[in-house]
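So the chains spell out like this:
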Amino acid sequence: MAGESDYGAFTEKFIIQPSSSPDQELPLKGLTFAVKDIFDMVGYVTGFGNPDWARTHSAATTTAPAVLAVLSGGATCMGRTVMDEMAYSINGENKHYGTPKNICSPDRLPGGSSSGSAVAVGGMLVDFSLGTDTGGSVRVPASYCGILGFRPSHGVVSTTGVIPLAQSLDTVGWFARDADILNRVGRVLLQLREVEPVKPTHITIAEDCFQLLSIPSHRVTSVLVKSVEKLFGGHIVKYACLGDYVKDNVPTLKHFKGDRLEDQEYNVASLAALSSAYRRLERSEFKNNHGEWVSTVKPDLGPGISERVWEAVRSTDENIDVCHSVKTELRVALTALLGVSIPLGTYDNLAVSVSLLAKHGSDGFLLNLVETLYGTLKEQIDIAQELSY
């Protein structure tokens, strides 16, 4: 159970040594990690963030390949971390196991659903951690906790032995405090060989998205742009309106016009419609995966989660084929379905971060780019934070 000394990050602590000889030189040798309570680990019950789930399921007889990979890479596991119940939230709260403490912004939630994994890294309890990201469950807590969080291309890291939320969107992601460890963990999980970093041909700033910021947009864009200019030259920086591009290139989104989210002033209409389509797909797959268990067991769920879960269980599969069409069109239009959250310091005592996207399958390129940028980004962050005071 979580405790004060670990910022409430863990559901249980234990030590599993790496499955390799201590004399071997391995990429993750000497590093420690924690695992979200959604991954199977032999001999342990995978709790899925809810005591009723744990009560009605047996201990795992195998370990998820993603966990085995980092153990084989030389890392030592320190325990399992708190998560939002059934992974169906990005808030970072858990009625039963408590809310992990956001070290970067103590008055704010840590973000979820991989909350404990983010806090374990942010609180320097481990060097890296494993989480899952369906609709932001690595990138959101990484941004809230001021650390790095990586969502890989869908399907490139095995989700075997991971309780599903929505298989069409689920990915195994990871957290780290520095770009070197983020890259090393990624190369183990993605089975990538070492290659020289490739210079990006262009970096596009989504101007309409940055206009939604509640802090001065230059506090984010100037840090990124000046870092890119210093390393690669200003000529590769481009600007575009992402909402218009999505609207023009994902025609099936017309079926989601008029959804409530689209009309809110802080949204980009086409991106709000895209969110609505993905939420329907996620809800349908959640119901297919867990609806029978929820209806039979009637688990004790926290506020917010309970309403969301039962809404999914009672939903119909209306427009699900259209949702899959939206996903296909988006991949063709953007080819930008993996991402990394990079911390950019704080503003008014709250964490600031930016997400970079790259085309599907460019995981190694993006990991190298983050490592190349990170030192210069930190220099620009210091300058920006001094100017803010």
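The rules behind the values
- Starting from 1, residues in each chain are numbered consecutively following that chain's sequence as written.
- Per-residue local features of the predicted model are confined to residues with pLDDT of at least 70, and side-chain atom pairs are confined, for both listing and counting, to 80 or more; whole-chain, interface and lining totals are unaffected and use all residues.
- Think of the side-chain values as coming from all heavy atoms in the structure, minus any hydrogens and water.
- Helix and strand labels come from DSSP, where a helix needs a run of H or I of at least four residues and a strand needs a run of E of at least two; each type is numbered from the N terminus.
- The size measure is the radius of gyration over C-alpha atoms, and the globule rule it meets is 2.2 Å times the number of residues to the 0.38 power.
- Here's how the labels work: a residue is buried when its accessible area is under 20% of the maximum for its type, exposed when over 50%, partly exposed in between, all with a 1.4 Å probe on protein chains only.
- Note on contacts: a residue pair qualifies if any of its non-hydrogen atoms lie within 4.5 Å across the two residues.
- A 1.4 Å probe and the Shrake-Rupley method give the accessible areas. Residues count as covered only by the protein chains that appear here.
- When charges are counted, Lys and Arg are positive and Asp and Glu negative, with His and the chain ends excluded.
- Note on charges: their place is set at NZ of Lys, CZ of Arg, CG of Asp or CD of Glu.
- By definition here, a salt bridge exists when the distance from a side-chain nitrogen of Lys or Arg to a carboxyl oxygen of Asp or Glu is within 4 Å.
- UniProt positions are given in the numbering used here, feature names are shortened, and annotations may be inferred rather than shown by experiment.
- When DSSP finds two or more bridges between a pair of strands, those strands are recorded as paired.
- Angular values range over 0 to 180 degrees, each being the angle between N-to-C directions of two axes fitted as lines to C-alpha atoms, with helices fitted over their stretch in contact.

### Quick look at the overall build of the protein
Within the protein, the regular secondary structure consists of twelve helices and ten strands. What you see for the protein is a C-alpha radius of gyration of 20 Å, in line with the 21 Å of a compact globule of 389 residues. By the burial criterion, 52% of the 389 residues in the protein qualify as buried. A sequence separation of at least 24 residues applies to 73% of the contacts in the protein between residues at least 6 apart. Total accessible area on the protein is roughly 17300 Å²; 50% of this is exposed by carbon and sulfur atoms. Across the protein, the 34 positively charged side chains and the 44 negatively charged ones have centroids separated by 2 Å.

### Let's talk about the pattern of salt bridges
Enumeration according to the criterion identifies twelve salt bridges in this entry. Between D52 and R55 there is a salt bridge, with the nearest N and O atoms lying 3.2 Å from each other. Highlighted residues: D52 and R55, both in helix α1 (residues 51–55), separated by three residues, approximately one helical turn. For D52, a relative accessible area of 15% corresponds to the buried category. Across the salt bridge formed by E311 and R283, the nearest N and O atoms sit 3.6 Å from each other. Of this pair, E311 sits in helix α10 (residues 305–313) while R283 sits in helix α9 (residues 269–297), and the two are 28 residues apart along the sequence. You can call E311 partly exposed: its relative accessible area is 47%. Among the ionic contacts, a cluster of salt bridges with common partners joins E12, D37 and R80.

### Thoughts on the UniProt feature "domain: Amidase" (unreviewed entry) in the protein
UniProt tags residues 23–190 as "domain: Amidase" (unreviewed entry). Measuring from the first to the last C-alpha atom of residues 23–190 gives 24 Å, for a span that is 23% helix and 16% strand.

### A few points about the sheet that holds strand β9 (residues 338–347)
Ordered by their spatial adjacency, eight strands build an open sheet running β1-β3-β2-β4-β6-β5-β9-β10, and the pairing between neighbours is mixed. Both outer strands of the open sheet, β1 (10–16) and β10 (350–358), are each paired with one neighbouring strand and no more. Each strand axis lies, on average, 25° off the axis of its neighbour in the sheet, ignoring direction. Sheet contacts for helix α3 (residues 115–122): β1, β2 (32–36), β3 (76–81), β4 (128–133) and β6 (171–176); angle to β4, the most-contacted strand, approximately 155°.

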